[in-house]
Amino acid sequence: MRTPSFLRTGTHALVAGYPAISDKKRPFAQCLQSLAAIVFIANGVLAPLPVHAQNRLPTLGDGAELTTSVERRLGDGIARQLYRDPDYLDDPVLGEYVQALWQNLLAAARAQGELSSELDERFAWEVLLGRDRSVNAFALPGGYLGVHLGLIGVTASRDELASVLAHELSHVTQRHIARLVAQQGKQTPLLLGSMILAVLAASKNPGAAQALAVGGQALAIQNQLNFSRDMEREADRVGFGLMDGAGFVPQGFVAMFDKLQQANRLNDNGSWPYLRSHPLTTQRQADMQARLPAGSAQAQPTLEHALMAARARVLSRPGVDILRQWMAEPQASGFADLPAHRRGAALYAAALAASSLHDAPQARSLLPRLEQAVQGDAVARRQVGLLAAELALASGDTGTTLRLLPQKPSTRPELLLRGQALLQAGAKNSMPDTARASQAEALQTWLALHPRDAGAWLQLGQIWQAQGLLLRAVRAEAEAHAARYDYAAAVDRFKAGQDLARRSTTAADFVEASIIDTRLRAVESLLREQVAER
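Trainee: Please clarify how the overall build of the protein should be interpreted in this entry.
Mentor: Within the protein one finds 26 helices and 6 strands. Here the protein holds 534 residues, and the buried ones make up 56% of them. Counted over contacts in the protein with a minimum sequence separation of 6, partners at least 24 positions apart contribute 69%. Of the roughly 22,300 Å² of accessible surface on the protein, a fraction of 51% belongs to carbon and sulfur atoms.

Trainee: Explain the packing of aromatic side chains here, please?
Mentor: For any two aromatic rings, the description comes down to two numbers: the centre-to-centre distance and the angle of the planes. Applying the stated criterion to the full structure yields 7 aromatic pairs. Between the aromatic rings of Trp-102 and Trp-125, the centroid separation amounts to 6.4 Å while the plane-to-plane angle is 50°, which identifies the pairing as tilted. Residue Trp-102 is found in helix α4 (residues 92–111), and its partner Trp-125 is found in the loop between α5 (117–122) and β4 (126–130); the two are separated by 23 residues along the sequence. Three or more aromatic residues joined by ring pairs make a cluster, and in this case those are Trp-102, Phe-123 and Trp-125.

Trainee: Teacher, can you tell me more about helix α3 (residues 68–84) here?
Mentor: Think of an α-helix as 3.6 residues a turn; residues three or four steps apart then line up on the same face. For α3, spanning 17 residues, the distance from its first C-alpha to its last is 25 Å, which sits close to the expected 24 Å at 1.5 Å a residue. A large share of α3 lies buried, amounting to 14 of its 17 residues.

Trainee: Looking at this model, I keep getting lost on the confidence of the model for the protein. Mind explaining?
Mentor: Close reading of the predicted structure is inappropriate where its pLDDT is low. With 75% of its residues at a pLDDT of 70 or more, the protein shows a mean pLDDT of 79. Segment residues 1–64: pLDDT under 50, and 198 contacts once partners within four positions in sequence are set aside and those in other chains are kept. Across residues 272–276 the pLDDT falls below 50, and counting only partners more than four positions away or on other chains, this stretch makes 33 contacts in the model.

Trainee: Just checking my understanding: could you explain the packing of helix α22 (residues 433–449) against helix α23 (residues 454–466) for this structure?
Mentor: To describe two helices that pack against each other, one gives the angle between their axes and the distance between the axes. Taken N-terminus to C-terminus, the directions of α22 and α23 make an angle of 150°; their axes are 10 Å apart at the nearest point. For the element pair α22 / α23, the angle class is roughly antiparallel. Crossing angle aside, the handedness with which α22 passes α23 is left-handed. Contact residues: Arg-436, Gln-439, Ala-440, Leu-443, Gln-444, Trp-446 and Leu-447 in α22; Ala-456, Trp-457, Gln-459, Leu-460, Ile-463, Trp-464 and Ala-466 in α23. Tallied by class, residues from the contact of α22 with α23 come to 10 nonpolar, 3 polar and 1 charged.

Trainee: Before we go on, may I ask you to explain the nonpolar core in this structure?
Mentor: Nonpolar side chains in soluble globular proteins tend to end up buried together. Ranked by size, the top nonpolar core spans 86 residues in total, and within it Trp-125 and Leu-370 carry the most contacts. Ignoring anything within four residues of it in the chain, the contact list for Leu-370 reads Leu-307, Gly-344, Leu-347, Tyr-348, Val-384 and Leu-387. Listed in part, the 23 residues of the second largest apolar core include Tyr-83, Leu-140, Ala-501 and Val-523.

Trainee: Teacher, can you tell me more about the pattern of salt bridges here?
Mentor: Between side chains of opposite charge, pairing is possible as soon as their charged atoms come close. By the definition in use, this model includes 21 salt bridges. Between Arg-484 and Asp-90 there is a salt bridge, with the nearest N and O atoms lying 4.0 Å from each other. Of this pair, Arg-484 sits in the loop between α24 (470–483) and α25 (487–502) while Asp-90 sits in the loop between β3 (88–89) and α4; the two residues are 394 residues apart in sequence, bridging distant segments of the chain. Salt-bridge contacts for Arg-110 lead to Asp-120; the nearest nitrogen and oxygen are separated by 2.6 Å. In this pair, Arg-110 is assigned in helix α4 and Asp-120 in helix α5, connecting sequence segments 10 residues apart. A residue is classified by how much of its surface remains accessible, and Asp-120, at 25% relative accessible area, is partly exposed. One network of salt bridges, in which partners are shared, links Asp-90, Arg-412, Asp-453 and Arg-484.

Trainee: Explain the packing of helix α15 (residues 303–315) against helix α17 (residues 340–356) to me, please; I cannot follow it from the model alone.
Mentor: Interaxial distance between α15 and α17 falls to 8 Å at its minimum, and their mutual angle equals 30°. Classed by the angle they form, the pair α15 and α17 counts as roughly parallel. Classified by chirality, the crossing of α17 by α15 is right-handed. Contacts between α15 and α17 involve Leu-303, Ala-306, Leu-307, Met-308, Ala-310, Arg-311, Arg-313, Val-314 and Leu-315 from the first element and Ala-340, His-341, Gly-344, Ala-345, Tyr-348, Ala-349, Leu-352, Ala-353 and Ser-356 from the second.

Trainee: What am I meant to see in the pairing of strand β6 (residues 144–148) here?
Mentor: Along a regular strand, successive side chains alternate from one face of the sheet to the other. Most of β6 is tucked away, with 5 of its 5 residues classed as buried. Burial along β6 is two-sided: the residues Tyr-144, Gly-146 and His-148 and Leu-145 and Val-147 are all buried. Pairing between β4 and β6: 5 bridges, direction parallel. From the neighbouring strand, Val-127 faces β6, where its bridge partner is Leu-145. In this sheet, β6 lies alongside strand β5 (residues 137–140) in antiparallel orientation, the contact comprising 4 bridges. Among the inter-strand pairings, Ala-137 is bridged to a residue of β6, identified as Val-147. Taken together, β5 and the strand that follows it, β6, pair antiparallel across an intervening segment of 3 residues, in which Gly-142 is found at a positive phi of about 80°.

Cut-offs applied
- Residues numbered from 1 in each chain as written.
- Predicted model: local features only at pLDDT ≥ 70, side-chain atom pairs only at ≥ 80, totals over all residues.
- Heavy atoms only, no water.
- Helix = DSSP H or I, 4+ residues; strand = E, 2+ residues; numbered from the N terminus.
- Buried < 20%, exposed > 50% of the residue type's maximum accessible area, 1.4 Å probe, protein only.
- Contact = heavy atoms within 4.5 Å.
- Areas by Shrake-Rupley, 256 points an atom, 1.4 Å probe, with all protein chains shown as cover.
- Phe/Tyr/Trp six-rings, centres within 6.5 Å; stacked < 30°, edge-to-face > 60°.
- Expected span 1.5 Å × (residues − 1).
- pLDDT = per-residue confidence, 0-100.
- Axes fitted to C-alpha atoms, helices over the stretch in contact; angles between N-to-C directions.
- Parallel < 35°, antiparallel > 145°, perpendicular 65-115°, else oblique.
- Left-handed = near helix turned anticlockwise from the far one by under 90°.
- Nonpolar A, V, L, I, M, F, W, Y, C, P; charged D, E, K, R; others polar.
- Core = buried A, V, L, I, M, F, W, Y, C linked by side-chain atoms within 4.5 Å.
- Salt bridge = Lys/Arg side-chain N within 4 Å of Asp/Glu carboxyl O.
- Pairing = 2+ DSSP bridges.

Okay, here's the thing in structure tokens:
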């Protein structure tokens with residue numbers, strides 16, 4: 001029996017829409033094995049997790065329904081494990097793009113009354129990217145959304161991608177996980193994880209379904225699966241209703257359904273696990289088609305989305321041979337006859353692939369053609385400018401990187417890329433302290449508005465370290481751990497800061513020590529709560 005992983009075997013405990021069945025190990029989501037999975041399916045057999053794993057589960061309480069605070073804590077715990085996973089990807093460029101789509105949908109949900117003020121305030125509403133080539137997305141408890149790079153890479157328009165995000169958002173806003181807990185009292189006493197596995201994720205893995213229906217559980221499982229189909233239709237309906245208000249073409253929903261149906265006809269081989277948890281019935285397809293008004297606009301590809309899809313494909317690590325194929329694509333006959341968005345995407349992928357293979361001259365040679373391909377599109381030009389700065393930094397040309405970026409960036413990709421260039425230049429003793437001080441100030445301004453940005457905290461810590469501000473650097477490391485809910489590690493770093501402060505004689509460190517003391521007490525309280533829930 002294989003080691004259970006809810007990306008490899010189809011475990012969905014406490015996850016909406018995350019089946020990801022694949023023969024290849026997918027460590028991005030193994031968090032549920034140790035934290036939130038009550039059951040797992042291995043080789044088509046339903047089995048309980050070992051007792052020691054069950055003992056680490058958060059306590060759900062005796063209530064008939066999962067409260068928002070408990071659901072958020074469950075989500076925080078799962079997210080903590082995802083952050084630790086090597087396949088978790090904090091890519092500022094892709095993250096900003098997907099988060100912008102997500103925020104537009106959230107705004108539409110608020111405006112239409114689909115997102116209550118309680119959920120809006122209590123839940124995280126954060127997107128986590130996984131460096132996984134499979135086509136999948138999943139809603140976690142507490143307002144977290146997981147998106148595989150494979151999903152971004154296959155979508156032809158922002159509207160198609162937004163349709164999947166809208167569907168997953170609706171799983172959260174409609175409290176499907178909490179409703180399943182309430183349903184627990186109406187069915188035979190199956191394990192909660194088994195219900196969420198069968199109902200919320202609605203996996204269509206034939207072997208798993210057969211195993212689940214063995215013996216006296218058959219009727220209860222059938223009722224649960226029927227309920228899960230209702231959930232899927234509800235998520236379709238609510239998600240579809242958000243599209244227009246969020247600035248997306250509703251036809252993107254239908255276009256994505258058509259894409260999923262085509263994959264279904266080709267006998268899903270595991271690379272489209274989204275089909276496992278979201279069975280594409282003819283009724284769902286017909287319902288979406290019927291909701292489209294006559295003469296509805298078609299989802300049109302944009303240059304920016306084409307570039308972001310290309311970036312996702314390259315960053316998913318498809319292998320050296322595939323990267324070389326993408327590098328060669330702009331030289332193929334007939335390339336000039338392709339639509340503008342396809343030419344732009346191919347050039348972007350070729351340049352990024354060349355950089356990934358450490359072929360800096362080839363990457364640089366493609367930039368002029370890429371810049372020409374995006375002329376007239378300011379949004380796409382920005383993405384190409386970011387790529388040019390990224391390629392220069394990868395080749396060690398920090399001077400060019402800094403010239404391509406604003407001196408006082410206000411957006412995350414430019415901010416963090418500039419910080420990386422300053423750190424690299426500082427390591428070569430080619431950057432004045434004033435530049436690092438300016439970057440530290442910019443990061444602090446950003447963190448005042450985004451205090452849970454662990455990546456920004458880590459970079460701030462590195463810059464303070466380079467400036468010789470060791471106590472501040474230790475505090476920044478602690479804040480980065482706290483931002484990812486690793487309160488034990490945060491407490492360790494705060495205590496290390498206290499030890500360092502005791503040996504300091506500078507007045508500035510006394511102020512910093514006071515901040516550390518205050519933050520340590522707050523995080524220790526959070527750690528006690530976290531430990532009590534295990």
